[in-house]
Amino acid sequence: MSSEPARQGSQETTLGQYAGFVTRLICFVVDRLVLAVIFTLLGLAINLILDLFPINEWLGLGEPSSLTVVVIAVVLILAIAALYNVGFWMLVGQTPGQSLLGVRVVTVNGERIRFWPAVRRWLGYFVSAILFLGFLWVLVDDRRQGFHDKMASTVVIYDWP
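Conventions used here
- Residues numbered from 1 in each chain as written.
- Predicted model: local features only at pLDDT ≥ 70, side-chain atom pairs only at ≥ 80, totals over all residues.
- Heavy atoms only, no water.
- Helix = DSSP H or I, 4+ residues; strand = E, 2+ residues; numbered from the N terminus.
- Polar contact = N/O pair within 3.5 Å; in protein donor to acceptor, adjacent residues only side chain to side chain.
- Phe/Tyr/Trp six-rings, centres within 6.5 Å; stacked < 30°, edge-to-face > 60°.
- Expected span 1.5 Å × (residues − 1).
- Buried < 20%, exposed > 50% of the residue type's maximum accessible area, 1.4 Å probe, protein only.

Asks: Go over the side chain of Asp141 with me, naming the residues and quoting the values.
Replies: Relative to the helices and strands, Asp141 resides in the loop between helix 6 (133-136) and helix 7 (147-152). Within the structure, the side chain of Asp141 is placed 2.9 Å from the backbone nitrogen of Arg143, a separation counted as a polar contact. Polar side-chain contacts of Asp141 include one of 2.8 Å to the side chain of Lys150.

Asks: So what's going on with the packing of aromatic side chains? Residues and values would help.
Replies: Applying the stated criterion to the full structure yields eight aromatic pairs. For the ring pair Tyr125 and Phe135, a centre distance of 5.9 Å and an interplane angle of 50° mean the geometry is tilted. Placement of the pair is Tyr125 in helix 5 (residues 115-128) and Phe135 in helix 6, with a sequence separation of 10 residues. Residues Trp137 and Phe147 carry aromatic rings whose centres are separated by 5.9 Å and whose planes lie at 45° to one another, so their mutual orientation is tilted.

Asks: Would you mind going over the environment of Ile157 in detail, with residue names and values included?
Replies: Inspection of the secondary structure assignment puts Ile157 in strand 2 (residues 154-158). Sequence separation of Ile157 and Val105 is 52 residues, and the distance between their C-alpha atoms is 6.5 Å.

Asks: Tell me what's going on with helix 5, and back it up with residues and numbers.
Replies: Because each turn of an α-helix spans 3.6 residues, side chains separated by three or four positions end up pointing in the same direction. The terminal C-alpha atoms of helix 5, which comprises 14 residues, lie 20 Å apart, in line with the 20 Å expected from a rise of 1.5 Å per residue. Inspection of helix 5 places Pro117, Ala118, Val119, Arg121, Trp122, Gly124, Tyr125 and Ser128 among the buried residues, and these make up the whole buried set.

Asks: If you had to explain unusual backbone geometry to someone new, which residues and values would you point to?
Replies: For Leu131, which is not a glycine, the phi torsion comes out positive at approximately 55°. Positionally, Leu131 belongs in the loop between helix 5 and helix 6. The exposure class assigned to Leu131 is exposed, which follows from its relative accessible area of 68%. Backbone geometry at Arg144 places phi at a positive 55°, although glycine is not the residue there. Its location among the elements puts Arg144 in the loop between helix 6 and helix 7. Looking at Arg144, the relative accessible area reads 21%, which means it is partly exposed.

Dropping the structure here:
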């Protein structure tokens, strides 16, 4: 971290240089691909286990309804996605996608992100996804903050020495 004052033109601050829209978009896509692989492997494992151990038949419950399966899948997907993002942000300050491109999530004071701000940031993704306005806001904001960053008082900076 540099002790120089902020420079407007390059978007550099005492925290480091703010990560731009394209870098953040690539990080987001990489993380969604990692999650897609995790979901696929988990789905295959669950199917295999249920084929090997037909618990519903043993308990006399029959086949679950399509709605039940969808609800369970959505809850599992959201829980794993939240755990992935919140966990990585809290433990190492960056998800694997962010690590790959050398960016880090920190508070606006430059501190490591804690549990509740990480949860607010993740929930803020849903707010930012409304017409993608919250994500596109990164293009016009001085600190390159999306709506989810503003909700959690975080910034994304390049993790350069």
